[in-house]
Structures are given as structure tokens and as C-alpha cells.
Amino acid sequence: MSDFNGFSPKAFQFLEDLTDNQNRVWFAEHRSEYEEFVREPMKRFTEALSNTLSNKDIPLWGDPKKSLFRINRDARFSKAKHPYNMHASGLFTRTGDKHSPGVLYFRLDPLGSRCAAGYLQPETHILKKLRQGILDNPKAWLLIEKSLKRKGYELDYSHTLARIPRGFVDVPKEIESAIKLKGWIVRKQLPRSIICSKGLVNEVADFAKDMLPLLSFGWLHIQ
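The notes below deal with the structure included here. Just so it is clear, the model here is predicted, and its values are computed rather than measured. (Residues numbered from 1 in each chain as written. Predicted model: local features only at pLDDT ≥ 70, side-chain atom pairs only at ≥ 80, totals over all residues. Heavy atoms only, no water.)

Thoughts on the nonpolar core
So, point 1. Core analysis: the biggest nonpolar cluster contains 63 residues, and F45, L104, F106, L108 and W184 have the highest contact counts within it.
So, point 2. A per-element tally of this core places helix 8 (residues 200-221) first, with twelve residues.
So, point 3. Once you skip the residues sitting within four places of it in the chain, F45 turns out to touch F4, F7, F92, F106, L200, V201 and V204.
So, point 4. With five residues, the next largest nonpolar core counts V103, Y105, A116 and I185 among its residues. (Core = buried A, V, L, I, M, F, W, Y, C linked by side-chain atoms within 4.5 Å. Buried < 20%, exposed > 50% of the residue type's maximum accessible area, 1.4 Å probe, protein only. Helix = DSSP H or I, 4+ residues; strand = E, 2+ residues; numbered from the N terminus. Contact = heavy atoms within 4.5 Å.)

This is the structure:
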């Protein structure tokens, strides 16, 4: 496997052009650019990052054929009917399956590339186990939150319940906000200078290492 030296600026140019040309005729005429500057580099990035994660003993990996999201959108249930995603993205999990809980996410986006990790919109039975894990181990959870803040990260608290969820009683005040979350996710913005450099893989791998305590806490309680 060859080293991955970053995405070409032409990847952003293609995605910007695609944003302005949301039609199948244009995409068919420019498919070769998509393959050369977006799809194939995303595959190489997936391989390189998976290899680096393994070398760092981080139990996450991605499959270039299965872990990447398609550029075509399923617009059947969306008000927005544009046929193509205007970004490229993929997931890294313990099994390589996109549906495995506890993920590392990467997004190549002209409006702002980023990586993220955690539990985003988990299924109901997993959500309940995660909340119960926080309630059963409040000290361990608070240490994770403090560690994240020391490293400059914060959980996304934009998706939360108004009240303590049904079935959870005697919740300590200091973990109420965490119990009310609908998911536990941390994001990191990635500037184009990083995206287009050979340092990208290590940048995302180091982020994943910082997120490992959060992911491991969840894995422990959803077994």
C-alpha cells in the first residue's frame, strides 16, 4: 500500500462545481474527475488511515468498498431533492461495518471538512444502555468529559431532551445533561491545509486516539 499524501485541491473544485451542477448529465460528463480526485483518493485515505489506526492499537478500521458513502443521495424521504451529495465521507468502526456502534467519521467538504467520533443517533436499545452506563458509572463518565475538555474537545450538546428520559431516576445533577443527550459526539474541523497534506492521516489518527476513552466507555456498556 502506497502512502497517502493528502487530497488534491481539485477534489474541492469538483465538489464545488457539483454543488452548482446538480444534474445527472453534468455528473456523467465529469465522472472521470470524480473518480480521479474524490472517489479513488477516498479509498486510498481509508486504507492508509486503517493501517495507521492499527499501528497505534486503535480498534477502528474502514473498508474502501464498504465504509464510504455513495455520492448519490436517496432523496425519497427528503425535502431537498438534489441527486448528489456535495461532500464525500466515510465511517471507521470496530468491525468495518458502517452500522457498528461507536464510530470515527471523516468528511471531505468544500464548506468545511471535519472528523468526528462517538455515538451519533444510536438505536433505541443502544441509547438506553449508554445512558445506563453513565448513570451506573458517573465518576468514570465525568473523568472522560474532563479529559476531553483538557484536550480542547467538547461534546455536542445541540441534540438533547428537555427532561430526564423515562425510566431513569435519582440522576445526579452533574450528569443530568449527559443523560439527556440523544447521542455523544465530538467533532474536529480540518482546514484545507491539512486535508491537502501528507499529515492528514496522522491528524485524524491522533484525534481517534484522543476519542478512544469515549468510544471504549460506550463499547463496555453496550456489550
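Re the pattern of salt bridges
So, point 1. Applying the stated criterion to the full structure yields nine salt bridges.
So, point 2. E40 is the partner of K43 in a salt bridge, and the nearest nitrogen-oxygen pair spans 3.4 Å. With K43 and E40 both in helix 3 (residues 31-55) and three residues apart, the pair spans about one turn of that helix.
So, point 3. Using a relative accessible area of 32% as the deciding quantity, one classes E40 as partly exposed.
So, point 4. As a salt-bridge pair, D109 and R107 come within 2.9 Å of each other at their nearest N and O atoms. Comparing D109 with R107, the two get one shared label, buried. (Salt bridge = Lys/Arg side-chain N within 4 Å of Asp/Glu carboxyl O.)

As for the packing of helix 3 against helix 8
So, point 1. Viewed as axis vectors pointing N to C, helix 3 and helix 8 meet at an angle of 50 degrees, and their least axial separation amounts to 9 Å. Comparing the axis directions of helix 3 and helix 8 gives the class oblique. Crossing angle aside, the handedness with which helix 3 passes helix 8 is right-handed. Taking contact as the criterion, the partners of F45, A48, L49, T52 and L53 in helix 3 are, on helix 8, L200, V201, N202, V204, A205 and A208.
So, point 2. Its residues placed into classes, the contact of helix 3 with helix 8 shows nine nonpolar, two polar and no charged. (Axes fitted to C-alpha atoms, helices over the stretch in contact; angles between N-to-C directions. Parallel < 35°, antiparallel > 145°, perpendicular 65-115°, else oblique. Left-handed = near helix turned anticlockwise from the far one by under 90°. Nonpolar A, V, L, I, M, F, W, Y, C, P; charged D, E, K, R; others polar.)

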